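Spelled out from the first residue to the last, the chains are:
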Amino acid sequence: DVKVTQSSRYLVKRTGEKVFLECVQDMDHENMFWYRQDPGLGLRLIYFSYDVKMKEKGDIPEGYSVSREKKERFSLILESASTNQTSMYLCASTTGGNTGELFFGEGSRLTVL
Amino acid sequence: AQSVTQPDIHITVSEGASLELRCNYSYGATPYLFWYVQSPGQGLQLLLKYFSGDTLVQGIKGFEAEFKRSQSSFNLRKPSVHWSDAAEYFCAVGPRSGNTGKLIFGQGTTLQVKP
């Protein structure tokens, strides 16, 4: 089975802190994604990556950056956390084939005080 | 603009009753179509997907969905709901080429099941 692991399930941070959310997948998938999930808004794409050291902005990249130094790992970075970034963050991966099916991690719930 | 609409934010059904969750999309061309389910505290799990061919697709856990091109809809159905089906359900669409995996999600429908 494909496994996407998000290292932190729950985090509480203070405004202005730098936050790292880590995601690792074990199926050699080329493509990785970070989504943000908020009630009533569904999932919105923050950033995605089709290869190591490559990244592309999604629909809501402001306030976020990403890093993909290794194929299996995709990190989301909040340079200076703000209260409006309190949310559930979901990492996903998929093969480079044209199926589009995403495999999701269990999510990281971030609270910024 | 590309979008996915799930008109029902919250649905309550009795255990054993039938279920239909609605999904409508706006997209430049016929996309790939997906339904995902999210149990409390969990990530999303794929229920089923439509790529081509038969417009009635079967998924896991007894779910099915029907693609209707003329209505730009992809409604999810189940003949008899079980208490364990209580969860949040997301419809999603994605491109047939290019940015594979870059899905657009609906707002989600929360399903509550009454005993």
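Keep in mind the model is a prediction, meaning the values are calculated, not measured.

Structural notes on the state of the cysteines
Here's step 1: For the structure shown, the criterion picks out two disulfides over all chains.
Here's step 2: The side chain of Cys 23 of chain A participates in a disulfide bridge whose partner is Cys 91 of chain A; the two sulfur atoms lie 1.9 Å from each other. Sign of the S-S torsion, about -75 degrees for the bond between Cys 23 of chain A and Cys 91 of chain A, identifies this disulfide as left-handed. Taken together, the residues Cys 23 of chain A in strand β4 (residues 23–25) and Cys 91 of chain A in strand β10 (residues 87–94) connect sequence positions 68 residues apart.
Here's step 3: The class of Cys 91 of chain A is buried, set by a relative accessible area of 0%.
Here's step 4: Here Cys 23 of chain B engages in a disulfide with Cys 91 of chain B; their sulfurs sit 2.0 Å apart. Disulfide Cys 23 of chain B to Cys 91 of chain B: torsion about the S-S bond roughly -65 degrees, handedness left-handed. Of this pair, Cys 23 of chain B sits in the loop between β3 (19–21) and β4 (24–26) while Cys 91 of chain B sits in strand β10 (residues 87–94), placing them 68 residues apart in sequence. For the pair shown, Cys 23 of chain B and Cys 91 of chain B are each scored as buried.

As for the pairing of strand β8 (residues 65–70) of chain A
All names here are of chain A.
Here's step 1: As defined by bridge partners, β8 adjoins strand β9 (residues 73–78) across four bridges and the pair is classed as antiparallel. Pairing of Ser 67 across the sheet is with Ser 75, part of β9.
Here's step 2: Between the end of β8 and the start of β9, which pair antiparallel, lie two residues.

Section: the environment of Glu 88 of chain B
Here's step 1: Note on placement: Glu 88 of chain B falls in strand β10.
Here's step 2: Spatially, the C-alpha atom of Glu 88 of chain B lies 7.9 Å from that of Pro 40 of chain B, the residues being 48 residues apart in sequence.

Digging into the pattern of salt bridges
All names here are of chain A.
Here's step 1: Summed over the entire model, instances satisfying the criterion amount to 13 salt bridges over all chains.
Here's step 2: Of the charged contacts, one joins Asp 28 and Lys 71 as a salt bridge, the two residues approaching to 3.1 Å between their closest N and O atoms. Here Lys 71 lies in the loop between β8 and β9 and Asp 28 lies in the loop between β4 and β5 (31–38), a separation of 43 residues in the sequence.
Here's step 3: Residue Lys 71 is classed as partly exposed on the basis of its relative accessible area of 26%.
Here's step 4: Among the ionic pairs, Lys 71 bridges to Glu 30, the shortest N-O distance being 3.9 Å. Residue Lys 71 is located in the loop between β8 and β9, and its partner Glu 30 is located in the loop between β4 and β5; the two are separated by 41 residues in the primary sequence.
Here's step 5: Connected through shared salt-bridge partners, Asp 28, Glu 30 and Lys 71 make up one network.

Scoring rules and cut-offs
- Residues numbered from 1 in each chain as written.
- Chains lettered and ligands numbered in written order.
- Predicted model: local features only at pLDDT ≥ 70, side-chain atom pairs only at ≥ 80, totals over all residues.
- Heavy atoms only, no water.
- Disulfide = S-S within 2.5 Å.
- Helix = DSSP H or I, 4+ residues; strand = E, 2+ residues; numbered from the N terminus.
- Buried < 20%, exposed > 50% of the residue type's maximum accessible area, 1.4 Å probe, protein only.
- Pairing = 2+ DSSP bridges.
- Salt bridge = Lys/Arg side-chain N within 4 Å of Asp/Glu carboxyl O.

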